[in-house]
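# Analysis of the macromolecular model
Residue strings, one per chain:
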Amino acid sequence: MLSDAQKQHYEREGYVVLEDFKSAAEMAAVRERAREIVAAFDPDAGRSIFTTRDQALATDRYFLDSAEQVRCFFEEEAFAADGSLRQPKELSINKIAHALHDRDPVFDRFSRGPELAQVATDLGLQQPLVWQSMYIFKQPGIGGEVGWHQDATFLHTDPISVTTFWFALEDASLDNGCLWVEPGGHRSPLRELFIRENDTVRKERIDTTPWPGADRALALPVKAGSLVCFNGLLPHYSAPNRSDKSRHAYSLHVTDARTRYADSNWLQRKGELPLRGFI
Ligand code: FE2
């Protein structure tokens, strides 16, 4: 699936962009399914606002219990001071997460297959396990920023193996909040660890290496249908979406079963939902 040049690029830079990976029909199917899930969602059932800046909010049960469920999370700026939604519900959801790929047949189909299995093999994942899925809306006007981070912070294994599969379901541009990466930054240490203790989570700084400056950041504008794969240690962020266009994306986080999955990770499978790879 990956050419030698693409494999070398991934090794050297920590990421690779595979254009035209998904067809228009495949993308339309998951976009429609996401629309249906949001339409069926009762906002009062989940006033949990996702933010990576305020981890206190992340401690609520709604978030923790989403590990094996399909749940909707609001944008941080979705609510007015009086608690009412500032925009219609369908324009207020930050993401649907975290077990779409195992709970929903449409997302299951999108998330698996021989092509993805081959990409995983080519990236060095010999026994891939797909832990989580996120449908990210990056809503027009209020789509929040996601600051510099490494995905291995959230899904820790020993040795580190988490690999991100990020599918652009719409064109991602500088205007609507595309990904930014630090090329080669996957060779830097893991800076933070997101730790769960019973029903609380916290982020701990474990290395003082600073986040990259703006001079080290490379924007990755990509067309709809592109798959961006990156190493769990690669620092990346996305800017807020202040444009009038949404930026839908879908991501999978994958580890290698040959590594030890940390007991302290927030996301644990209790056995009800078997962990699977790409087949
Ligand atoms: Fe990330």
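Keep in mind that what you see is a predicted model, and the values were worked out from it rather than measured.

## Overview of helix α7 (residues 114-122)
- Turning to α7, its buried residues are Leu116, Ala117, Val119, Ala120 and Asp122.
- In this structure, the buried residues of α7 make contact with α1 (4-13), β1 (15-18), α6 (105-111), β4 (128-136), β7 (163-168) and β12 (227-231).
- Positive backbone phi, approximately 100°, marks Gly124, located one or two places after α7.

## With respect to the sheet that holds strand β13 (residues 236-238)
- Taking strand neighbours across the sheet as the criterion, the four strands line up as β5-β13-β8-β11 in an open arrangement whose pairing is antiparallel. Taken across any chain shown, the strands that pair with only one partner, and hence form the sheet edges, are β5 (146-149) and β11 (218-220). Here the average twist between neighbouring strands, direction ignored, is 25°.
- As paired elements, β5 and β13 share two bridges and run antiparallel to each other. Note that in β13 the partner of His149 across the bridge is His236.

## With respect to the coordination of the iron ion
- At the metal site, the iron ion is ligated by His149 (NE2), Asp151 (OD) and His236 (NE2), and these contacts range over 2.1 to 2.2 Å.
- Look at Asp151 and you get buried, because its relative accessible area is 7%.

## Overview of the pattern of salt bridges
- Going through the model one piece at a time under the given rule, you end up with 17 salt bridges.
- Across the salt bridge formed by Glu32 and Arg35, the nearest N and O atoms sit 2.9 Å from each other. One end of the pair, Glu32, and the other, Arg35, are both in helix α2 (residues 24-39), three residues apart, so they sit about a helical turn from each other.
- When its relative accessible area of 49% is taken as the criterion, Arg35 is described as partly exposed.
- Among the salt bridges present, the one from Asp108 reaches Arg112, with a minimum N-O distance of 2.9 Å.
- According to the relative accessible area criterion, Asp108 is partly exposed, its value standing at 22%.

## Here we look at the sheet that holds β7
- Pairing is antiparallel in the open sheet, where seven strands are placed in the order β1-β12-β7-β14-β4-β3-β2. Edge strands, defined here as strands with exactly one partner in the open sheet, are β1 and β2 (70-74). Strand-to-strand twist in this sheet, taken as the mean axis angle between neighbours without regard to direction, amounts to 20°.
- Pairing between β7 and strand β14 (residues 249-256): six bridges, direction antiparallel. Note on β14: the bridge partner recorded for Thr163 is Val254.
- On top of the sheet, α1 reaches β1, β7 and β12; it is set at about 145° to β1, its chief contact.
- The sheet strands contacting α2 are β2, β3 (93-98), β4 and β7, and the helix crosses β3 at an angle near 105°.

What counts as what
Residues numbered from 1 in each chain as written. Predicted model: local features only at pLDDT ≥ 70, side-chain atom pairs only at ≥ 80, totals over all residues. Heavy atoms only, no water. Buried < 20%, exposed > 50% of the residue type's maximum accessible area, 1.4 Å probe, protein only. Helix = DSSP H or I, 4+ residues; strand = E, 2+ residues; numbered from the N terminus. Contact = heavy atoms within 4.5 Å. Pairing = 2+ DSSP bridges. Axes fitted to C-alpha atoms, helices over the stretch in contact; angles between N-to-C directions. Donors = N, O, S within 2.8 Å, 3.2 Å for Na, K, Ca; no water. Salt bridge = Lys/Arg side-chain N within 4 Å of Asp/Glu carboxyl O.

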